[in-house]
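# Understanding the architecture of this molecule
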Amino acid sequence: MLKVISLTRSASTGARSTTRGIDRCWERSPSLTRRVSVICLVLLAVSPVRAADGQSPPVPQNSWQKVIDATAQWQRKLADWWRRRPQAIPLNPADQRLVAVVESPALQNLYVPLLNGQAIQGRLFAANLRLTNLTRKAISIEPAQIELKADGVTLKNGVVDPRFNGQMLRMEDHAINIGKIRPSSMSLAPGFSADSWILFSGLRGGSQVPGMTLTITGVDPPLELDLNARFKEQLQLRTVRLGPRGGLALLTIGGELNCLSYPAVLEQLAQLTTERVQRAVVVWTPEAPKIPLGWLAEFVGVVQNVGREGFQSQNVQTLPGSFVELRLAELPAASRAALSQIKFNLGPTIHATKVDAVIGALRTAYEVLPRAELLEAIRVGDVMTRCAAIVSAGNRLRPEDWPLLAELIRDDEVLLRRATIHVLRNFEDQPAINELLRQARSGDPILSPAALDSLAASRFAKAHAALLELLTENDLPLRRAIVLAFARNPRSAWSQSLYELMQDIPSELGAEGLRALIRVGHSRLADALLESLKSSDAAVRQVAYLELANRSDPQSESAALAYSLEQLATLPPTPEMLTFLIRVKPPDAVPLLIKHLDQMTDDRSPLIAVLAQISDQKIAEPLADRFPKLRPAEQVEVLKVQGQHRSPRFVELAGAALQSDDLTLINTACQWLQWNPSPKGTQQLLAALDRSRKSQSLLPVASALANIASPEARRALRKARAEADHATRPLLIQLISQMDQRSPGYNAFWQAKVAVQNNTLAEAMKFYEQAIKADSELTEAYLGRANLLMKQNKFAEAGRDYEQAMKLDEFHAEAVTGVAITKVISGQCQEGLKLIEISRDKFPQDDLFHYNAACAYGRAVEAALKDDKFPDREQSLADFRRRAIDELRQSIKLGLDESNLDWMKNDPDLNSLHDLPEFQKLGKPEVRD
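It should be emphasised that the depicted structure is a prediction, and the values quoted were computed from it without experimental measurement.

## What to know about the sheet that holds strand β14 (residues 279–284)
- As summarised here, the arrangement of the 5 strands in space is β12-β13-β14-β15-β16, forming an open sheet in which the pairing is mixed. Both edges of this open sheet fall to β12 (237–242) and β16 (350–351), since each of them pairs with a single strand only.
- Taken together, the 6 bridges between strand β13 (residues 248–253) and β14 define a ladder with parallel strand orientation. Of the residues in β14, the one forming a bridge with Ala249 is Ala280.
- Sitting on the sheet, helix α6 (residues 293–304) touches β14, β15 (325–329) and β16, and the angle it makes with β15 is about 145 degrees.

What follows is the structure, given as C-alpha cells:
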C-alpha cells in the first residue's frame, strides 16, 4: 500500500511556490525517468488538504525540500528498476552476447603502517560491474572468472593482501572498508542483469593510470573490455581554440571525469603543449554527471599546483608543467555543493563561470598584446575573449577610448556590459563616474553590484566620494548593496559612514552590515559587537559572537563566555562555540555540556572531545555510564577519555569495543590497551584474537598483542599463526617476527645469523648462546642453534634445542619437524614420523612443513636401508619413498622458494632419494604447474 503525504500551501503563495518548486525539481531531474517522478510528486504536492474548518493549513518552510528529497528517492528507485528490467534478446545471433558495464571506478594507492615504523604499500582497483545476459541461455559468472590485465600483469579478482583489510577505499563519495568489498557470483537468466564488486590488488604504484583490460572467461566468446578506451569515450571531451593567436584551449567535458577517463584530458593537454598552447580552461556541460568527491579534491589540488616544482599527488597524475594558466569552471552542480560541504578551498583557479575563467586565463596575454591588437580584440570576436580583453585592458585604455566603452556599455550582451563596468574603475572622468552611478541605481542584479564594486575599488577619491554620496539616498535596497560592496572592498574611508549607518538602521542592514563593519574596522567596533549580542536578530548575534570569540582581549573573551553560557542553558553548542570553549576551558560549561550530551540527536563526538579537554579526570565516570547508548564514533571519543585518564573502567569498555563491528572503535581500543598494558587488558585482547581469526579486526588486535609481547601474547599469536588461513598467515608471521625483533636477545641472534653466512660457526654458536641467555623464550635462537648443531652432526643436542623450541611454540613448523627428524636419526623412527602425522593439520598450507616432512621420511629411508631387521623393511622403504616424494610435490605446489629447490638436490636429509627418477623430475616446469 502506497502511503502519500500531500504538501499544502495557502492561496496567496500557492502559484509562486508551486512554480519555484517545479523549476527546482525539474532542473535537478533532466532524465525522463526523473521527470516522471517529479510530475507525480508535484501533482501530489499541489493537491490541497483541508482542515476541519475548511482552511488550508500553513505550509512549512521546508516543504519543497521534502518534495526534492522524495523526488531523489523515487529517482533512485526508478533508475534501479530501469537498470534491472528484463531486456529483449536480439534476433540477430551475432548480437546475442554478454554485455558488461563498469561503473564507479576507484584506483588508489594505499599505505599500511607496520609496527617497526615502516609501511607496506600497494595499489588497488575496484569498481561495480554490471552484466546483462543477451543470450538465450542462463549464464553463471564466478569471481575467479574475472581478471584484470594492467600493464601486462594479470590480476585475480578479489585476491587482496589481508593487511589492506580495514583500509578505506574511496568510491564515488563514500569511503568503503576494503574488507567489505567482496566480489560475488552472478547468475543471469536470459535478458536479466546482475551486479557485483570487482576488486584487484597488485597494480604498479604511483599516480600514472595503467592500461587496463577486463576479461571474463568461461563464456563464449570470452568478454574483453578495454577500460581506458571505454571511459575515454564516455568523457565526451571537445576542444576549441580562443584568444590571441588561438593561444587558449577551451576543453568541454560532457561525461564523467574519474580516475579512468582522466588520461584523456592528460592526452589532450599534452597534445596542446606540442602546439605551443600554454593556456587552458576546462569546463563542464550542464548535463555532466557528478565527479567522485575524493578524486575531485585531489584533481583540483593538481590543477592548483600546475608548474610547481616537486609537487606530487598520491593518486592523480600531475598535469603538464608548461602551462602558464590552467583553470576550471562550471563544475557539475553536485560536485560544487559537495566541495562546499567539506569546506574545500577552491582557490583562484576555480571559477563559477567559464567567462570568468577565460578572463583570468587570458589576462596576462592581453596585458602584453600590442595596443592596436588589444582594441581590435575588444571590438570583434567571441564574447568571452572580448570580455577578457576589456577587463585586462585596465590601465591601458585612455580617455579617447571612451566612445568605444560608451558603445559597449549599451551592448545587447550583458557580459560585455558587465566587463565594461568593471573597467570604468580605472577612469576619473566624470562621464565614467556618472555612468557607474546610473548603473548602480538601476537595480540590475548583475550590473548594479558590478558598478558599486568599481566605485569602491577605484583608486580615485572622486569615485569614493560619489559612492558615499550615494549612501545618503533614501533607498534601503541600494544601501544594503553598498554595504556589501564595502565588505568586498574594505577601506578606512568607509569606516565612519558605515558605523553611523549601523546606528541609524541596524535591523535593516542586519548581519551583512555588521560583517562589513568588521571588515572595514572602526575605533568603536568593540562597543558595536557587544551591543549586537543583544540584537533580536539571531544572525547578527552569531556574527558578533564569532568575532568576539576570535579576539583575545579580556573584555571580548568575557563577553563571548557569558554569551556561550547563556546560550548553553537552552540550546546545544555550535561548532564555533565548542572551539571557543576549548580555548578558554571554563569549568562552568561542563554541567551544561553534559546536559546536552543526553539531549542531542546529532553526532556528539565533538562535544565529548571538548568535555575531555575542559574537564578533569572526573569526567571519565559519567562518560563511561553513557557508553552503551552512544554511536560508535562517539564511543571512540569516550574510549580516548578513559585511556587518557587511566580510568578503572577503561578495560571494561575496551572489551565491549572489541566485540563491535566498527573498525575505528576496535582500533582505538587496541591502541589504548597496548599503550596502557595490564593483565586484564591483555586477556581482553586474547579473547578478541580468538573471535577475529578471519575478520577485519585481526590486524589491530594482533598488532596490539605483538606490541605488548607478554608470554601469553606470544603464545596466542603463534597459535593463531598456525591456525590462520593462507591469506592471513603472512601477516601473523610478520607480526611475530617484529615482536621477536624487539627481544633483548635479538641483536645477538642476528649476529649469529651473519656469522653462519660467513661460515664462522664457532662465533655463531657463541652468539646463539648469548641470545638464549638474554631471552630464554626466543624461539628463533633455539632453532638457529639447533640447525647449527645439525650441520655439525650433533643430532642429540640439536634434538634438545628443537624440543625446547617446540615447547615454546608448538605451532612452529620448523620446530616440530626438527624434533621429528632428530628422533628418526636417533633411532626413534616411528615416534618421529608419528609426530609428523599428528601435526599435519596444524600446517595445511605451509610449504616448509611439507619440505621438512619429506626430510623426515628421507631419513627414515636411510634408517631402513641401514637396518636389515627394520620391521616390514621392503614395504616400509616403498612407503617412505612415496611419502617423501609426495611431501616434496606438495611443498613445491604451495610455492617452495627457488633457493630451497636448489638446496633440495644437496640436502643431506634427502640423500637417500637423490637417485630416484621421481626425485630428479621435481622442480621441472611440468611438475611445478
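## Digging into unusual backbone geometry
- Note the cis peptide between Asp220 and Pro221, where omega equals -5 degrees.
- As for its position among the elements, Pro221 is in the loop between β10 (212–216) and β11 (223–226).
- Residue Arg276 is not a glycine yet carries a positive backbone phi of 65 degrees.
- Within the chain, Lys585 stands out as a residue other than glycine whose phi angle is a positive 50 degrees.
- Residue placement: Lys585 occurs in the loop between α22 (575–584) and α23 (589–599).
- The class of Lys585 is partly exposed, set by a relative accessible area of 40%.

## Some words on the side chain of Ser458
- Note on placement: Ser458 falls in the loop between α14 (447–457) and α15 (461–471).
- The class of Ser458 is buried, set by a relative accessible area of 2%.
- Contact partners of Ser458, with chain neighbours within four places excluded, come to Arg425, Ala463, His464 and Arg491.

## What about the confidence of the model for the protein?
- Chain-level pLDDT for the protein is 86 on average; 89% of the residues reach the 70-or-more range.
- A low-confidence stretch, residues 1–35 (pLDDT under 50), is modelled with 52 contacts involving residues beyond four sequence positions or located in other chains.
- Here residues 925–929 is modelled with pLDDT under 50, and outside its nearest four sequence neighbours on either side it reaches 7 contacts, counting other chains as well.

## What about the packing of aromatic side chains?
- The full count for this structure, using the stated rule, is 12 aromatic pairs.
- The interplanar angle of 15 degrees and the centroid separation of 4.7 Å between the aromatic rings of Phe486 and Trp494 together place this pair among those described as stacked.
- Using a relative accessible area of 0% as the deciding quantity, one classes Phe486 as buried.
- Between Tyr746 and Phe749 the ring centres are 5.5 Å apart and the planes differ by 50 degrees, which places this aromatic pair in the tilted class. Of this pair, Tyr746 and Phe749 both sit in helix α33 (residues 746–757), 3 residues apart, roughly one helical turn. Grouping residues by exposure puts Tyr746 and Phe749 together as buried.
- Through pairs of rings, three or more aromatic residues link up here, namely Tyr262, Trp295 and Phe299.
- Sitting over the ring of Phe767, Lys766 keeps its end group 5.2 Å from the ring centre.
- Over the ring of Phe811 we find Lys842, and its NZ or CZ is 4.9 Å from the ring centre.

## Brief notes about the pairing of β14
- Where burial is concerned, most of β14 is hidden: 6 out of the 6 residues are buried.
- Regarding topology, α6 serves as the crossover connection from β14 to the parallel β15, and that connection is right-handed.

## Comments concerning the pattern of salt bridges
- Under the criterion given, the structure shown has 44 salt bridges.
- We note a salt bridge from Glu147 to Lys156, for which the minimum N-O separation is 2.6 Å.
- A relative accessible area of 44% means that Lys156 is categorised as partly exposed.
- Between Arg524 and Asp527 there is a salt bridge whose closest N-O contact spans 3.5 Å.

## So, the sheet that holds β10
- One open sheet accounts for 4 strands, arranged β5-β4-β10-β11; its pairing is antiparallel. With one partner strand each, in any of the chains shown, β5 (153–156) and β11 form the two edges of the open sheet. The average undirected angle you get between the axes of adjacent strands in this sheet is 25 degrees.
- Two strands pair when backbone bridges link them, and strand β4 (residues 146–150) and β10 are joined in this way by 5 bridges, in the antiparallel orientation.

## A look at the nonpolar core
- Core analysis: the largest hydrophobic core is formed by 158 residues, its most contacted members being Ile378 and Leu593.
- Residues in contact with Leu593, not counting those within four places in the same chain, are Leu568, Pro573, Leu578, Leu581, Leu607, Val610, Leu611 and Ile614.
- Counting residues in hydrophobic clusters, the runner-up holds 64 residues, among them Met212, Val300, Val316 and Ala338.

## Some thoughts on the pairing of β5
- Two elements, β4 and β5, share 4 bridges in a ladder whose sense is antiparallel. In the sheet register, Leu148 faces β5, and the bridge partner there is Leu155.
- Taken together, β4 and the strand that follows it, β5, pair antiparallel across an intervening segment of 2 residues, in which Asp151 is found at a positive phi of about 55 degrees.

## Brief notes about helix α4 (residues 227–235)
- Buried within α4 we find Leu227, Asn228, Phe231 and Leu235. Down the axis of α4, the buried set is contained in an arc of 95 degrees. They therefore lie on one face.
- Positive phi shows up at Gln236, right after α4, with a value of about 55 degrees.

## Quick look at the packing of α22 against helix α24 (residues 605–614)
- Relative orientation of the contacting elements α22 and α24 amounts to 15 degrees, with a least axis distance of 9 Å. As the angle between them shows, α22 and α24 are arranged roughly parallel. Handedness of the crossing formed by α22 with α24: left-handed. On the side of α22, the interface is formed by Leu578, Leu581 and Ile582, while α24 contributes Pro606, Leu607, Val610, Gln613 and Ile614.
- Classifying every residue of the contact of α22 with α24 by side-chain character gives 7 nonpolar, 1 polar and no charged.

Analysis parameters
- Residues numbered from 1 in each chain as written.
- Predicted model: local features only at pLDDT ≥ 70, side-chain atom pairs only at ≥ 80, totals over all residues.
- Heavy atoms only, no water.
- Pairing = 2+ DSSP bridges.
- Helix = DSSP H or I, 4+ residues; strand = E, 2+ residues; numbered from the N terminus.
- Contact = heavy atoms within 4.5 Å.
- Axes fitted to C-alpha atoms, helices over the stretch in contact; angles between N-to-C directions.
- Buried < 20%, exposed > 50% of the residue type's maximum accessible area, 1.4 Å probe, protein only.
- pLDDT = per-residue confidence, 0-100.
- Phe/Tyr/Trp six-rings, centres within 6.5 Å; stacked < 30°, edge-to-face > 60°.
- Lys NZ or Arg CZ within 6 Å of the ring centre and 35° of its normal.
- Right-handed = clockwise from strand over helix to strand, strands pointing away.
- Salt bridge = Lys/Arg side-chain N within 4 Å of Asp/Glu carboxyl O.
- Core = buried A, V, L, I, M, F, W, Y, C linked by side-chain atoms within 4.5 Å.
- Arc of directions from axis to C-beta.
- Parallel < 35°, antiparallel > 145°, perpendicular 65-115°, else oblique.
- Left-handed = near helix turned anticlockwise from the far one by under 90°.
- Nonpolar A, V, L, I, M, F, W, Y, C, P; charged D, E, K, R; others polar.

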